[in-house]
Amino acid sequence: MHVNRKNENIWLDERLFGNEYFHVSMAGETTPNPNYIISHTPETDSGWNRYNFEYVLSGKGYIETKDRVYAVQKGDLYFLNKYQQHIYYADKNDPYDKYFLVVEGKLVDKFLEAHDITESVIVVHKDVADVFRQAFRALSAADKTGDETYNAMTGIVLKLVQAVREPDYRPVPREEHPAKIIKSYIDYNVYEKLTLSDIAKTAHLSVSQTERVFKAKYGISPVKYVIEKKLEAAASLFITSFFNVSEVSERLVFSDVKYFSRLFKAKFGKPPSEFIKNLQQNPF
């Protein structure tokens, strides 16, 4: 840690370096200074392609944008978006003491996108002092920008993003056609034993309803679709693996090899043994 000209305690200052995936540019503590002021400009070549997370420990401060002025005080966490116009400064009479973390990279972009954070400034009253202290401890490691430190820092940044905007984990009904649910269930469980009763349960329908809605949408009964998918999977296994006919039949849960071979020939025009022989003679 060192102290800069603004009398800030700096745990990390890596602004001259960068990483497109994830990079911690700066981290530290702004101690009370009535003359403290920082300005961000919106130009893409200004260097402010970074995100700021800052937490006020005591005192007061202000953030000005072209639209409004935000007042921040003890217990406030605020977020400053990249490529935005900000002027932020300490209150002259009660200058703030605050933690700050400046980050950039595609991973942070995705964190913010997933939480629908697009605003220039967000201020929330939330105690995240310990999260910042975790960051400072991680950045105090011997290898400040090593993989282990950065793995820890990605988790810390996600905590701050979720503090700025809490995710909504409540499940909501999906407006999905029941036939699509049935198809997805069959596709995912093609290597399992599938009965019409099991398939109906996954869509919360009766057996007759299951047959009706599936055939109406896909023009084939669910039982026939199961067989089609299993036979396609069998052909894929013959092409990509060294399993023999019995092993493939067993893995796809057919009742017996003869039944499997008969169905396979009906679909592909040749029994599995001949299909494999042709593959061996013409592997490409």
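This structure is a prediction, so every number in the text was calculated from the model and none was measured. (Residues numbered from 1 in each chain as written. Predicted model: local features only at pLDDT ≥ 70, side-chain atom pairs only at ≥ 80, totals over all residues. Heavy atoms only, no water.)

Student: Can you walk me through the pattern of salt bridges in this structure?
Tutor: Two side chains of opposite charge can pair, provided their charged atoms sit close to one another. Tallied over the entire structure, the rule returns 13 salt bridges. Close ionic contact of Lys98 with Glu54 constitutes a salt bridge, the shortest N to O distance being 2.5 Å. Highlighted residues: Lys98 in strand 10 (residues 97-104) and Glu54 in strand 5 (residues 51-58), separated in sequence by 44 residues. Note on Glu54: relative accessible area 2%, which makes it buried. A salt bridge links Glu166 to Lys126; its shortest N-O distance comes to 2.8 Å. Here Glu166 is found in the loop between helix 3 (147-164) and helix 4 (178-188), whereas its partner Lys126 is found in the loop between strand 11 (121-125) and helix 2 (129-139), with 40 residues between them in sequence. With a relative accessible area of 23%, Lys126 lands in the partly exposed category. (Salt bridge = Lys/Arg side-chain N within 4 Å of Asp/Glu carboxyl O. Helix = DSSP H or I, 4+ residues; strand = E, 2+ residues; numbered from the N terminus. Buried < 20%, exposed > 50% of the residue type's maximum accessible area, 1.4 Å probe, protein only.)

Student: Even after reading the chapter, I still don't get the sheet that holds strand 11, so can you show me in this structure?
Tutor: Pairing between the strands of a sheet is mediated by backbone hydrogen bonds and can be parallel or antiparallel. Spatially, seven strands are ordered 1-2-3-10-5-8-11 in an open sheet, and the strand pairing comes out antiparallel. Pairing within the sheet leaves two strands with one partner each, and these edge strands are strand 1 (2-3) and strand 11. Pairing between strand 3 (residues 23-30) and strand 10: seven bridges, direction antiparallel. In the sheet register, His23 faces strand 10, and the bridge partner there is Glu104. Each of strand 5, strand 8 (76-80) and strand 10 is contacted by helix 1 (residues 106-114), which is oriented at about 70° to strand 5, the strand it contacts most. (Pairing = 2+ DSSP bridges. Contact = heavy atoms within 4.5 Å. Axes fitted to C-alpha atoms, helices over the stretch in contact; angles between N-to-C directions.)

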